[in-house]
Amino acid sequence: MGNTHSGMTKEQLEQLKDGSSFSEAELRRLYRRFQMLDKDGSGTLTTDEFLSIPDLALNPLLERVIQIFDTNKDNEIEFSEFVTTLATLSHKGTKEDKLKFLFEIYDIDCDGFISNGELFQVLKMMVGNNLNDVQLQQIVDKTIIEGDLDKDGKISYDEFLNMIGNQEGIEEKLSVNWSE
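All of these numbers come straight from a predicted model, not from anything done at the bench.

Visitor: Now, about the nonpolar core: what can you tell me, with residues and values included?
Guide: Core analysis: the biggest nonpolar cluster contains 45 residues, and Phe50, Phe79, Phe82 and Phe160 have the highest contact counts within it. Looking at this core, the elements that each hand over two or more residues are helix H1 (10–19), helix H2 (24–37), helix H5 (62–69), helix H6 (79–89), helix H7 (95–106), helix H8 (116–127), helix H9 (133–147) and helix H10 (157–164). Looking at which domains feed residues into this core, each of domain 1 (9–89) and domain 2 (95–173) supplies at least three. With sequence-adjacent residues up to four places away left out, phenylalanine 79 is seen in contact with Met8, Leu16, Leu27, Leu30, Tyr31, Phe34 and Gly43.

Visitor: Give me the lowdown on the domain arrangement of the protein chain, citing residues and values where you can.
Guide: Interface size is commonly expressed as the accessible surface area that is lost when the partners come together. According to the domain assignment, the protein chain contains domain 1 (9–89) and domain 2 (95–173). Summarising the inter-unit geometry, the C-alpha centres of domain 1 and domain 2 are found 25 Å apart. Each side of the interface is counted separately: domain 1 has eight residues, and domain 2 has ten residues. Together, the buried faces of domain 1 and domain 2 total about 980 Å²; carbon and sulfur atoms form 77% of this surface.

Visitor: Can you explain the pattern of salt bridges? Please cite residues and give values.
Guide: In the structure shown here, the tally under the stated rule is seven salt bridges. With a shortest N-O distance of 3.0 Å, glutamate 24 and arginine 28 are connected by a salt bridge. In this pair, glutamate 24 and arginine 28 both sit in helix H2, four residues apart, roughly one turn of the helix. Judged by relative accessible area, glutamate 24 falls into the partly exposed class, the value being 23%.

Visitor: Lay out the UniProt feature "domain: EF-hand" (unreviewed entry) in the protein chain with the relevant residues and their values.
Guide: Mapped onto the present numbering, the UniProt feature "domain: EF-hand" (unreviewed entry) falls at residues 25–60, 62–92, 94–129 and 135–170. Annotated as 61% helix and 6% strand, the span residues 25–60 places its first and last C-alpha atoms 32 Å apart. Each end of residues 135–170 is marked by a C-alpha atom, and these two atoms are 26 Å apart; helix forms 61% of the span and strand 6%.

Thresholds, definitions, all that
Residues numbered from 1 in each chain as written. Predicted model: local features only at pLDDT ≥ 70, side-chain atom pairs only at ≥ 80, totals over all residues. Heavy atoms only, no water. Core = buried A, V, L, I, M, F, W, Y, C linked by side-chain atoms within 4.5 Å. Buried < 20%, exposed > 50% of the residue type's maximum accessible area, 1.4 Å probe, protein only. Helix = DSSP H or I, 4+ residues; strand = E, 2+ residues; numbered from the N terminus. Domains from an automatic or database assignment. Contact = heavy atoms within 4.5 Å. Buried area = accessible area lost by both parts, 1.4 Å probe. Salt bridge = Lys/Arg side-chain N within 4 Å of Asp/Glu carboxyl O. UniProt positions renumbered as here; feature names shortened; annotations may be inferred.

What follows is the structure, encoded as structure tokens:
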């Protein structure tokens, strides 16, 4: 399998182009970005390599985001996983895909629901020590009660959409521009 000068084979490039909304030129730019992040040249990104991006290092949810990027759950991000997730979060990703990604951040055990405990964990990552656990638990309980339309004690994807799907500007907030 002969590599092109960009480090990707033609087949890999075609596959990624078909599987994402990126053009060949955008994919090449993303690959260069990926290679710059891949400090040890392993062909995959680790959490530490992601943390070397100043904007991301400050994001309290970075570890959750990385877990979602990592679709095969090997604790490393391959270029194809990188592209798939960025396609979702780019301006070309659909609003529904972006909302699904946001839901996945909260649905830590991937069971299709956001439980009281999961919401607590994610909000704790976001607020750190700005709120004490009692205050935080009150917010979590109130949010679950308000959003839980079928009263099963947890938030389904439909209930999540009902809560935040119509917020003004939600799509822009969930978009990142990495292909520049």
